Amino acid sequence: MAEMAEMSGRADLHLHTLHSDGVYTPYEVVRRARTAGLSVISITDHDNVAAIDEAVVCGRELGVEVVPGVELSVALGDKDVHLLAYFFDPTDRNLLDYLTFFRLERLRRAERIVEKLNKINIPLRMESVLDQAGIGAIGRPHIASALVEEGLTETYHEAFLKYIGTGAPAYEKKFQLTPSDAVRLVARAGGLTFLAHPGKATTETELLTLINAGIDGIETVHPSHSETQQAHYRRVVNQYFLLECGGSDFHGGKKSDESTLGAYTVPLSVVEHMRKRLFR
Ligand code: AMP
Ligand code: FE
Ligand code: FE
Ligand code: ZN
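Report follows, based on the coordinates. For clarity, every value in this text was computed on a predicted model and none was experimentally measured. (Residues numbered from 1 in each chain as written. Chains lettered and ligands numbered in written order. Predicted model: local features only at pLDDT ≥ 70, side-chain atom pairs only at ≥ 80, totals over all residues. Heavy atoms only, no water.)

A short note on the site of ligand 1
Every residue close to ligand 1 is listed here: His82, Arg106, Arg109, Gly139, Arg140, Pro141, Tyr156, His157, Phe160 and Lys174. Take arginine 140: an N or O atom from its main chain is 2.8 Å from an oxygen atom of ligand 1. Between ligand 1 and the protein, one listed contact pairs an oxygen atom with a side-chain N or O atom of lysine 174 at 2.4 Å. Protein chains bury 76% of the 500 Å² of accessible surface belonging to ligand 1 in isolation. For the shell around ligand 1, the secondary structure elements donating two or more residues are helix H4 (93–119), helix H6 (140–149) and helix H7 (156–164). Here the shell around ligand 1 gets three residues from one element, more than from any other, and that element is H7. By residue class, the composition of the shell around ligand 1 is three nonpolar, three polar and four charged. (Near = heavy atom within 4 Å. Polar contact = N/O pair within 3.5 Å; in protein donor to acceptor, adjacent residues only side chain to side chain. Areas by Shrake-Rupley, 256 points an atom, 1.4 Å probe, with all protein chains shown as cover. Helix = DSSP H or I, 4+ residues; strand = E, 2+ residues; numbered from the N terminus. Nonpolar A, V, L, I, M, F, W, Y, C, P; charged D, E, K, R; others polar.)

A look at the coordination of the zinc ion (ligand 4)
Coordination sphere of the zinc ion (ligand 4), protein contribution only: His14 (NE2), His16 (NE2), Glu71 (OE) and Asp249 (OD), at 2.1 to 2.3 Å. Donor residues for the zinc ion (ligand 4), ordered by position in the chain, follow H-x1-H-x54-E-x177-D. The metal-metal distance between the zinc ion (ligand 4) and the iron ion (ligand 2) is 4.2 Å. Within this pair, whereas histidine 16 is found in the loop between strand S1 (10–15) and helix H2 (26–35), its partner glutamate 71 is found in strand S3 (residues 65–76), the two being separated by 55 residues in sequence. Glutamate 71 matches histidine 16 in its accessibility class, with the two residues each being buried. (Donors = N, O, S within 2.8 Å, 3.2 Å for Na, K, Ca; no water. Buried < 20%, exposed > 50% of the residue type's maximum accessible area, 1.4 Å probe, protein only.)

Some remarks on H2
Every α-helix carries 3.6 residues per turn, so stepping three or four residues along brings you back to the same face. Pro26, Glu28, Val29, Val30 and Ala33 are the residues of H2 that are buried. Looking at the buried side of H2, the elements it contacts are S1, strand S2 (40–43), helix H3 (52–62) and S3. Once H2 ends, the next one or two residues include glycine 37, with phi positive near 85°. (Contact = heavy atoms within 4.5 Å.)

Things to note about the packing of H6 against H7
H7 packs onto H6 with a crossing angle of 105° between their chain directions and a minimal axis gap of 9 Å. Relative to H7, the element H6 lies roughly perpendicular. Only Tyr156, Ala159, Phe160, Tyr163 and Ile164 of H7 make contact with H6, whose side of the interface consists of Arg140, Pro141, Ile143, Ala144, Ser145, Leu147 and Val148. Taken together, the residues of the contact of H6 with H7 break down into 10 nonpolar, one polar and one charged. (Axes fitted to C-alpha atoms, helices over the stretch in contact; angles between N-to-C directions. Parallel < 35°, antiparallel > 145°, perpendicular 65-115°, else oblique.)

Rendered as structure tokens:
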């Protein structure tokens, strides 16, 4: 009976904590996931696996299975594409070294962005950005929040539009792997790689390039996807014998997405298909 109940449960495989740009601790995310009725989750912080240990332990206590996850950024031409990785060994030395390097590069890039802002007379201080990031892998969301906090822009979105979005005056690229290098890095650590939220900006040509680079699957369920997009990506998944994943991309707090937790889920069969692919 317990097994039956579990098989009818739901999974959210895209969650952030304060170890990247989310606002809650791993414990708090697991607790909220439990309240939202989820039975399997994955925390997918940007370039960081620091949430996993705590989440696994809390999950065991609260009856939520926690699958290892991480969100990586890769360069596809001029574009920044996000990949989600699951089921890798979170103690894999090579993967951990890469993640540490990526986080260091994020810090250096934040410093370059702040310098650029200062040059165009936006007096943002790096300390203010570091305050926003806390212990998390530093990213543009923290810079946007710092700009709002310091009263230098009206809104979070305006910060991207006017200053730090792609092509804006204080935009800076971050160091990125190619898609195939990222797929290889994750595979070497025993994991599977998925294209995250393709509906946001990925063209069909780019999608094919990523499939050729060896991604294992595509994120079909995401708040940014319409029903039509969801169905389209599911057809692509079936056509190329890929796997699917999905979730809420929950960050919590000010980003006003509190209600997304529990609203963007996939059935547990999705997780089972991943497991089967791992033990091929
Ligand atoms: P980073 O990894 O530091 O380049 O930051 C990327 C993150 O910034 C994305 O995952 C989004 O959460 C956020 N972001 C990027 N562009 C925009 C935008 N135009 N408006 C709002 N948020 C954005
Ligand atoms: Fe994020
Ligand atoms: Fe993303
Ligand atoms: Zn995300």
